[in-house]
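In case you want the letters, here they are:
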Amino acid sequence: MSSLRLAQHFREIHHEHFVEIDSTHAYVLERLEGGEVPGLPWLVTTDHQTAGMGRQGNVWFSKAGTMLQFNLTLAWVPLFDLYSPSLIAGLAVVRALEPLTMPPPRLKWPNDLLIAEKKVCGMLAKRIGHAVTFGIGINVTPRESDFPAFADGYFPTSLAAHAAHGTPDRDGVLSAILLQWEEVLAMTPEALHEAIDERCHTIGRRVRVELDGGSILEGVAERLDPPGVLMIRRADGGLVPCWAGHLREVAD
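To keep things clear, this report deals only with the structure shown in the data block.

Parameters at a glance
One numbering rule holds for all chains: residues counted from 1, following each sequence as written. pLDDT decides what is reported in this predicted model: residues at 70 or higher carry local features, side-chain atom pairs at 80 or more are listed and counted, and totals for whole chains, interfaces and linings draw on all residues regardless. Each side-chain value is derived from all of the structure's non-hydrogen atoms; neither hydrogens nor water enter the calculation. By definition, a salt bridge exists where a carboxyl oxygen of Asp or Glu is found within 4 Å of a side-chain nitrogen of Lys or Arg. Relative accessibility decides the category of a residue: with a 1.4 Å probe and only protein chains considered, values under 20% of the type maximum give buried, values over 50% give exposed, and everything between is partly exposed. Definition of nonpolar core: a set of buried residues of the types Ala, Val, Leu, Ile, Met, Phe, Trp, Tyr and Cys, connected through side-chain atoms within 4.5 Å. Helix and strand definitions here come from DSSP, where helices need a minimum of 4 consecutive H or I residues and strands a minimum of 2 consecutive E residues; each element is numbered from the N-terminal end. Contact between two residues is taken to exist if any of their heavy atoms lie within 4.5 Å; hydrogens are not considered. Every axis in this analysis is a line fitted to C-alpha atoms, fitted for helices over the stretch in contact. Angles between the N-to-C directions lie between 0 and 180 degrees. For classification purposes, an angle smaller than 35 degrees is called roughly parallel, one larger than 145 roughly antiparallel, one from 65 to 115 roughly perpendicular, and anything else oblique. In this scheme the crossing of two helices becomes right-handed for a clockwise turn of the near helix relative to the far one and left-handed for an anticlockwise turn of less than a right angle. A pair of strands is treated as paired once DSSP finds two or more bridges between them.

## Considering the pattern of salt bridges
Scanning the entire structure with this criterion turns up 14 salt bridges. Here E222 makes a salt bridge to R223, at a shortest N to O gap of 3.9 Å. Under the relative-accessibility criterion, R223 is labelled partly exposed at 35%.

Set out below in structure tokens:
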């Protein structure tokens, strides 16, 4: 992680790199909650996580040297009040990866990226005070056979498995993401919504969402409304807003 090309917004970035760490997300959250912030923007990268964190406490599989795993912490800006930070992060990442793969990646609501119906990236976002940290894990070069079985209905894949122009490298991917962050943060809320909506894999799919508390919402994902609310049409015709939850596609 020594050759990053940084956009103007990140020229003064504070960068920490670990050869190995349990979880960049846990490390950053602990320091944020303790008021120990070296400065913002703050980037924490690692070659290997031994206990990477996924959504709802899931463990993120990691194979040393083959995955891009990092936390980017930013000052809270008004745009984050107007649109879901997870989807903003997803847009920055998907725009960075689009030139690298065929087919290009798509956003799976609320915080994953898919290539050819397989999961290539997962993201977490959490606000602490006046900052927000994004934990991002991208499968860059692992083979699909390296992964354990996944129970969320999406088999894993990597950028290398769908590379359009040779094998991608982690430094290059991270540099591209940071460059895209600057463009995304400069968007109007209307342009942001349009860019996310046109890249959303979930729209038009029949889905089943496990909501906080264990209740289930099932229907067709009809549209995405600002600030990132998934509108689901139930079988009885009702249109229900879904703000968060664990989503799976279901067969018709």
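Back to the write-up after that little detour.
## A word on the nonpolar core
One finds V93, L113, I138, I177, W181 and L192 to be the most contacted residues of the largest nonpolar core, which totals 54 residues. Top contributing element to this core by residue count: helix 3 (residues 85-97), with 9 residues. In this structure, L192 is in contact with L79, Y83, I88, L91, V184 and M187, ignoring residues within four places of it in sequence. Counting residues in hydrophobic clusters, the runner-up holds 9 residues, among them I21, W42, V44 and I128.

## Details of the packing of helix 3 against helix 5 (residues 189-197)
Packed helices, taken two at a time, are described by their axes: the angle between them and the distance between them. The N-to-C vectors of helix 3 and helix 5 enclose an angle of 65 degrees; their axes lie 10 Å apart at closest approach. When the axis of helix 3 is compared with that of helix 5, the two are roughly perpendicular. Relative to helix 5, the crossing made by helix 3 is left-handed. Along the contact surface, helix 3 presents L87, I88 and L91, while helix 5 presents L192, A195 and I196.

## Here we look at the sheet that holds strand 10 (residues 206-210)
Taken in spatial order, the 5 strands make up an open sheet running 13-12-11-10-14, and their pairing is antiparallel. The open sheet is flanked by strand 13 (239-242) and strand 14 (246-249), the only strands paired with a single partner. Ignoring which end each strand starts from, the neighbouring axes of this sheet average 45 degrees apart. Bridge count between strand 11 (residues 216-225) and strand 12 (residues 229-233): 5 bridges; the pairing is antiparallel. Residue pairing in the sheet places D225 in a bridge with V229 of strand 12.

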